[in-house]
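Observations on the model geometry
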Amino acid sequence: MLADLQLRNFRCFESLGLEFAPGFNFFIGRNGQGKTSILEAACVLLRLQSQRSATLGSVVRFGQKSFAVSGRRENHRLEFRYSPLRRKIAFDDVEQRTLEDYLRIGRVVSFANTDIELIRGGSEARRRYLDFLGAQIDPLYRPTLRSYERALRSRNALLKSSQPRPREIAAYDAPLLEHGARLSGMRTRLVERLAPLAAAAHRDISGNGEALQIRFGPGNSEEFARDLENSRARELRLRQTVVGPHRDDIEILVEGQLANQYASEGQQRTVALALKIAQSRIFMTEEAAPPLLLIDDIFGELDPVRRNALLQHLPPESQKLVTATTMQWREEGVEGPIFELHDRQVIRR
Amino acid sequence: MPGIGPRSAERIALWIVQARGDQPEHIARAIAATRESVRPCPRCGFFTMEEICGICSDTTRAADLLCVVEQATDILPLEKTSAFRGRYHSLGGRISPLDHVGPDDLRIKELVARVEQEKFSEVILALAADVEGEATTNYLVELLKPFPISLTRIAHGLPAGGGLESADELTLYQALSGRTKL
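Rules behind the numbers
Residues numbered from 1 in each chain as written. Chains lettered and ligands numbered in written order. Predicted model: local features only at pLDDT ≥ 70, side-chain atom pairs only at ≥ 80, totals over all residues. Heavy atoms only, no water. Helix = DSSP H or I, 4+ residues; strand = E, 2+ residues; numbered from the N terminus. Rg over C-alpha atoms; globule rule 2.2 N^0.38 Å. Buried < 20%, exposed > 50% of the residue type's maximum accessible area, 1.4 Å probe, protein only. Contact = heavy atoms within 4.5 Å. Lys, Arg positive; Asp, Glu negative; His and termini not counted. Charge placed at Lys NZ, Arg CZ, Asp CG, Glu CD. Areas by Shrake-Rupley, 256 points an atom, 1.4 Å probe, with all protein chains shown as cover. Axes fitted to C-alpha atoms, helices over the stretch in contact; angles between N-to-C directions. Left-handed = near helix turned anticlockwise from the far one by under 90°. Nonpolar A, V, L, I, M, F, W, Y, C, P; charged D, E, K, R; others polar. Buried area = accessible area lost by both parts, 1.4 Å probe. Salt bridge = Lys/Arg side-chain N within 4 Å of Asp/Glu carboxyl O. Polar contact = N/O pair within 3.5 Å; in protein donor to acceptor, adjacent residues only side chain to side chain. Phe/Tyr/Trp six-rings, centres within 6.5 Å; stacked < 30°, edge-to-face > 60°. Lys NZ or Arg CZ within 6 Å of the ring centre and 35° of its normal. 1 Å grid on protein atoms, 1.4 Å probe; cavity = no way out; pocket = protein on both sides within 12 Å on 5 of 7 lines; lining within 4 Å. Points joined across faces, edges and corners; volume = space filled by probe spheres on them.

Quick look at the overall build of chain A
For chain A, the helix and strand inventory stands at twelve helices and 15 strands. At 21 Å, chain A has a C-alpha radius of gyration in line with the 20 Å of a compact globule built from 349 residues. Viewed in the frame of its principal axes, chain A has a C-alpha envelope of about 65 × 50 × 35 Å. Expressed as a percentage of the 349 residues in chain A, the buried residues total 53%. When contacts within chain A are restricted to residue pairs at least 6 apart in sequence, long-range pairs at least 24 apart make up 70% of them. Computed over 52 positive and 45 negative side-chain charges, the separation of the two mean positions in chain A equals 6 Å.

Shown next as structure tokens:
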């Protein structure tokens, strides 16, 4: 478990230290008091990335140049200092040159009210869902994704120039194909592993026997090189790379129908929860490590039936950091310390 | 100055002001002389004080072997290994559209001209193993393919003297996919 957490110049907090309990920890306060920022700090500490924003620059407190987070998990001390020019990580007070030992310590699954975008929103949300998971179970995932994105952005920059030079574009084909094929393979396997877990989680919490199916929708066929070759004319016209993993998607079906078109809002929320529970079950079954669960503004919004179903099916071994505006919804049997946030102050009750 | 933080800078400044002898003046003259006399070798791009650098003019080195690197500074570690006794060619960078660096900003035309004139039997591409390095390597391969030379690239993989358990997974992956036949 995450025993404690310290923040410095992180979002709205100048300096803050917290000690957590195993099981549930509740953060209560009005909107804008920094509840989500505490969850984000836990995520940044364990994963060196935020569950809600793509870059870390915006995390630095306004007017400051850098932030730092530190904490203790499974008897290891982690520390991360970030400034736009420099990132420093320390594992048990020893500065690290590689991320491997550091990132092995903590896994995170984030539940948020905005998860419904996984079903309703564009494919980018679904790729982020896969990437956030992939980076936590395969140390090669993140470097592969970074290399693919770099090759893609370089290639697109060449396609956008006023006089595209085919020879330079072709020079970026090989890295795009190589890293892209590896990324596709990793994402295909991820969806294969997630599909039965998501279906089971959906059965558990929907309670109505509706079947959830998820399928990988790749942005290229198995013959990526041929796809790229065949798309030359289109990419010159559109001035961007039009095939590849940056077009990957997950198809989500409830009872055989596309969930973004045919499912009700309630059904979509249930699917979103099932997808996130599936993530946490991957860690439980395949990594044998309970993830830290960040549950942001969910319990207060769910109807009592779904709330109870969710509570019953979260991994009991997992530590949970939960935010809400009130505690009125809390059921019997859900015990844990309550942290009240008011004017950047945190009072533990 | 690279590598010198505020504390070192302060100590150096105080030493310059308080030094008893004329060491600071020596250093100042040495810096000025270096700035005046050291320039890139017109043939390979390495540093030289002469018309042509020491490597290009060394007749004991193999004249039919060429090693292409991104930066002149990449030649220094390669020279320390003593494993390579041929000539070099520094490109002065790599093709990087995100940094607005294209082939015309690099010494690629000069490379092709040398390959035409100098009759190399082998050209070794020793560029970085990242995306831009890979792309630049591909670009050069396409350009140099028509010439009757053997084109090779340096291997990437395990650090020497290291066991498998100490290598990170990306390095191991590359070492495995770039394995050689015995």
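With respect to the overall build of chain B
For chain B, the count of helices and strands is seven helices and six strands. Starting at the N terminus and walking to the C terminus, you meet the elements of chain B as α-α-β-β-α-β-α-β-α-β-α-β-α. Reported as C-alpha extents along the three principal axes, the dimensions of chain B are approximately 65 × 45 × 35 Å. Out of the 182 residues belonging to chain B, those deemed buried represent 32%. A sequence separation of at least 24 residues applies to 51% of the contacts in chain B between residues at least 6 apart. Per element, the accessible surface of chain B, about 11600 Å² overall, is 57% carbon and sulfur.

Brief notes about the packing of helix α5 (residues 108-118) of chain B against helix α6 (residues 131-144) of chain B
Residues and elements named next belong to chain B. Viewed as axis vectors pointing N to C, α5 and α6 meet at an angle of 35°, and their least axial separation amounts to 11 Å. For the crossing formed where α5 meets α6, the hand is right-handed. For the pair α5 and α6, the contacting residues are I108, L111, V112 and V115 in the first and Y139, L140, L143 and L144 in the second. Across the contact of α5 with α6, the residue classes break down as eight nonpolar, no polar and no charged.

Digging into the side chain of R155 of chain A
Residue and element names in this part refer to chain A. In this fold, R155 is placed in helix α5 (residues 141-160). Exposure remark for R155: the relative accessible area of 0% places this residue in the buried category. Apart from residues lying up to four places away in sequence, R155 is in contact with I169, Y172, D173, L176, L228, R232, E235 and T241.

Digging into the interface of chain B and chain A
Contacts between the two partners involve 19 residues from chain B, matched on the other side by 21 residues from chain A. Contact between chain B and chain A buries roughly 1800 Å² in total, counting both sides, with carbon and sulfur atoms accounting for 63%. On the chain B side of the interface with chain A, the three residues burying the most area are L98, V131 and E169 of chain B, jointly 31% of the side's total. Our count for the chain B to chain A interface comes out at one salt bridge. Notably, a salt bridge pairs E132 of chain B with R150 of chain A, separated by 2.5 Å at the nearest N-O pair. Taken together, the connections running from chain B to chain A amount to five residue pairs in polar contact (both at pLDDT 80 or more). For the side of chain B that touches chain A, the elements supplying multiple residues, two or more each, are α6 and α7 (169-177) of chain B. Split into classes, the residues belonging to the side of chain B that touches chain A amount to ten nonpolar, three polar and six charged.

Observations regarding the environment of E110 of chain B
Relative to the elements of secondary structure, E110 of chain B occurs in helix α5. Exposure remark for E110 of chain B: the relative accessible area of 36% places this residue in the partly exposed category.

A short note on the packing of aromatic side chains
Each aromatic ring pair is characterised by the separation of its centres together with the angle its planes make. Residue and element names in this part refer to chain A. For the structure on display, the rule yields ten aromatic pairs over all chains. Summarising the aromatic geometry, the rings of F27 and F339 are spaced 4.9 Å apart at their centres and angled 10° between planes, so their arrangement reads as stacked. In this pair, F27 is assigned in strand β3 (residues 24-28) and F339 in strand β14 (residues 338-342), connecting sequence segments 312 residues apart. F339 matches F27 in its accessibility class, with the two residues each being buried. Between the NZ or CZ atom of K320 and the centre of the ring of F24, over which it lies, the distance is 5.0 Å.

With respect to the pattern of salt bridges
All chains considered together, the criterion is met by 32 salt bridges over all chains. We note a salt bridge from D131 of chain A to R187 of chain A, for which the minimum N-O separation is 3.0 Å. Here D131 of chain A is found in helix α4 (residues 123-137), whereas its partner R187 of chain A is found in helix α7 (residues 173-206), with 56 residues between them in sequence. Relative accessible area serves as the criterion here: at 13%, D131 of chain A is assigned to the buried category. R85 of chain B is paired through a salt bridge with D58 of chain B; the nearest N and O atoms lie 3.9 Å apart. Taken together, the positions of R85 of chain B in the loop between α4 (75-81) and β4 (87-90) and D58 of chain B in the loop between α3 (54-57) and β3 (65-69) put the pair 27 residues apart, joining distant regions of the chain. Assessed through its relative accessible area of 41%, R85 of chain B is described here as partly exposed.

Some points on empty space enclosed by the protein
Take a probe with the size of a water molecule and roll it over the atoms, and the empty space left behind shows itself. Overall, the coordinates contain two cavities of 30 Å³ or more when judged by the stated rule. Its boundaries defined by the atoms lining it, the largest cavity holds a volume of some 110 Å³. Lining of the largest cavity is provided by A112, N113, D115, I116, R269, A272, L273, I298, E301 and L302 of chain A. At three residues, the largest contribution of residues to the lining of the largest cavity is made by helix α11 (residues 265-287) of chain A. By volume, the second largest cavity amounts to about 30 Å³. Lining the second largest cavity we find L125, L127, T137, R153, I154 and H156 of chain B.

A word on the layout of surface pockets
Of the volumes computed, that of the second largest pocket is approximately 550 Å³. In terms of lining, the second largest pocket is formed by 25 residues, of which the most central are E178 of chain A together with A129, E134, H156 and Q174 of chain B. Counting residues per element, the ones that place at least two in the lining of the second largest pocket are α5 and α7 of chain A together with α6 and α7 of chain B. By residue class, the composition of the lining of the second largest pocket is nine nonpolar, nine polar and seven charged.

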